[in-house]
Amino acid sequence: MKQILDFFSNILQAESWPARWNCGRWSDFHGWLYILSSLAIWAAYFAIPISIFYLISKKKDDIPFVKILWLFMLFILSCGLTHLVDAVIFWYPAYRLSALVLLITAIVSWLAVIALYKIVPLALSLKSPQQLNAIVIERTQQLKESNNNLIRLNQDMDSFIYSASHDLKSPVNNIEGLLHLLKDELENDNNPEIVSELIRRIEHSTIRVKSTVFNLTDIVKVQTNPYEDVQEVNVRELVDEIIVENEILVRSNETLIRLHLDKETLPYSRQALKSILYNLIINAIKYRSPFRLPEIDIFVTYTADNKYEIVVKDNGLGIDLTIYRDKLFTLFKRFHDHIEGSGIGLYIIRKIIENKGGTINVESTVDGGTIFKIIL
Amino acid sequence: MQTNNSILLVDDDLTSNFIAEKIIKKSGNSKSIQSVKNGKEALNYILENCLSDYKENCPQIILLDLHMPVMDGFDFLKHLSIEMPNYIEAFKIFILTSSSNPKDVEIANQYHIDGYINKPLNAEKVKLLIE
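Residues numbered from 1 in each chain as written. Chains lettered and ligands numbered in written order. Predicted model: local features only at pLDDT ≥ 70, side-chain atom pairs only at ≥ 80, totals over all residues.

So, on to helix α6 (residues 192–223) of chain A. Along its 32 residues, α6 of chain A runs 47 Å from first to last C-alpha, staying within 8% of the 46 Å computed at 1.5 Å per residue. When we look at burial in α6 of chain A, the residues that qualify are L198, R201, I202, S205, R208, T212, N215 and V222 of chain A. The elements touched by buried residues of α6 of chain A are α5 (129–187) and α11 (345–355) of chain A together with α1 (14–27) of chain B. (Helix = DSSP H or I, 4+ residues; strand = E, 2+ residues; numbered from the N terminus. Expected span 1.5 Å × (residues − 1). Buried ≥ 20, exposed ≤ 12 C-beta atoms within 10 Å, placed from the backbone. Contact = placed C-beta atoms within 7 Å.)

What follows is the structure, given as structure tokens:
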């Protein structure tokens, strides 16, 4: 303890030893070689941290591991200091100070070793400029793709708005035309038969406006994937419900609906599944063949890859897919003109299914029937 | 003013056809008005009535809707210009539509058409197209 106290209290004292020049036999050349080399090392070890400091101060936010760099600067500075002290000892033999400087250098060196050890895994994970460049190129490509997607979505939106406005304007234009005719009729001939015919048509067009607005609401709703009520849906019950709600249509066409169910229930939004089956069943009846009674077969299969497949097969008019395949599921497209339709049913079905990650496909034979295959 | 124009309405909207028919009749400018529900029916009508020697019912004016099931107005124009290139000039073809999509105008203008009329048809518009 006394030695330690003595060491620190006399840290700068040099009386206990001869200066190094006088210790042993140094030739001038040998001594100055030692001294100048030590000073040169010290100067270099002083310049390196200054360069690093300059670098850090300029690019502080871009350089990783700034704390380690500070430690390095300290490490190099203290190494340099040992060489300075080594040179000074030729005239001023402060060996205590020399030992202290060595101790400080040893501590800082080991701190640097430990810190370096800690950051090695992190440093290894850093990307090289080439790797970063490749990532930038890949991300740019992704951005371009999503930009193209947005452009396409925008175009879809545009054509949706024009289609919607067309479908709304058509009956409104009719109402306008009919009102002109009605006014004219009332002012001139005032034939009660024509007047009531015109009023009947105005009423009909008004209903069309109303149902178009309802359809548009449905379309907007289906965009946001509202069907969250996932539950075990009993398919047989659901089909019965659809039949009861559309009894007049089903009965008057003497429709035969057969169910072929692997499982009675399947997990899905009840409302969504009802919408899907409703549209397919009603379509099958509406576009029935005039030469035979409508028959609809509904298959529910549990597939090998744990998915549910629903197949709805009818014996109706069929669709010429060589012409209409691309347009089949698009909004406001209709393929038969002898039956009133809005052109939104299949669009809504596809939206619901795809929003939930499923697919829908169609096979059809003109005048043979249509098969819709849905993977939920 | 001519009074012997026969007119073919091509539109799946039967009420629209009803209105057009009434208004054209009232204007007294047409001896015959026929209506068909889509482009395909219109092509058939033209085949039946314009290619024979007896052309009484061959229309001079065609009022064509654009958006129709089975065959729309664009496909009708395409078929007509490909299959009956000599005839297309013989008709006055007017687009009669509720569409305000500039793309529709653009596509229709690629074919031989004589005008683009927004619905509803009224007496003034009839006057314009007959002249």
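What follows covers the nonpolar core. V10, I62, L63 and L64 of chain B are the most contacted members of the largest nonpolar core, which has 34 residues in total. Excluding its chain neighbours within four sequence positions, the residues that come into contact with L64 of chain B are V10, G73, F76, I93, F94, I95 and L96 of chain B. (Core = buried A, V, L, I, M, F, W, Y, C linked by C-beta atoms within 7 Å.)

In this section: the sheet that holds strand β7 (residues 369–375) of chain A. Strand-to-strand pairing in sheets goes through backbone hydrogen bonds, with the strands running parallel or antiparallel. All names here are of chain A. Spatially, five strands are ordered β2-β4-β5-β7-β6 in an open sheet, and the strand pairing comes out mixed. Among the strands making up the open sheet, the edge pair consists of β2 (256–261) and β6 (359–365). Adjacent strand axes in the sheet meet at a mean angle of 10° when their direction is disregarded. Here strand β5 (residues 308–314) runs beside β7; their pairing, made up of five bridges, is antiparallel. Across the sheet, residue V312 finds its bridge partner in β7, namely F372. Against the sheet, helix α7 (residues 235–245) engages β2 and β4 (295–302), with an angle of about 165° to β2. (Pairing = 2+ DSSP bridges. Axes fitted to C-alpha atoms, helices over the stretch in contact; angles between N-to-C directions.)

Each partner contributes residues to the interface: chain A has 19 residues there, and chain B has 21 residues. Only α5 and α6 of chain A provide two or more residues apiece to the side of chain A that touches chain B. Element by element, the count of residues in the side of chain A that touches chain B is highest for α5 of chain A, at 12 residues. Across the side of chain A that touches chain B, the residue classes break down as four nonpolar, 10 polar and five charged. (Nonpolar A, V, L, I, M, F, W, Y, C, P; charged D, E, K, R; others polar.)

The next thing to look at is the sheet that holds strand β4 (residues 92–97) of chain B. Residue and element names in this part refer to chain B. The strand order across the open sheet built from five strands is β2-β1-β3-β4-β5, with neighbouring strands paired in parallel fashion. Two strands close off the open sheet at either side, each with one partner strand: β2 (30–36) and β5 (115–118). Here the strands of the sheet are splayed against their neighbours by 20° on average, with no regard to which way each runs. Direction of pairing for strand β3 (residues 61–64) relative to β4: parallel, over a ladder of four bridges. Note that in β4 the partner of I62 across the bridge is I93.

Once that is clear, we can look at the pairing of strand β1 (residues 5–10) of chain B. Within a regular strand, side chains alternate between the sheet's two faces. Residue and element names in this part refer to chain B. Sheet analysis places β1 next to β2, joined by six bridges and oriented parallel. Within β2, the residue paired with N5 across the bridge is S30. With α1 bridging β1 and the parallel β2, this β-α-β connection has right-handed handedness. Across four bridges, the pairing between β1 and β3 is parallel. Paired with L9 across the strands is L63, a residue of β3. (Right-handed = clockwise from strand over helix to strand, strands pointing away.)

So, to be careful, I would describe these as geometric facts and stop short of saying anything about function.
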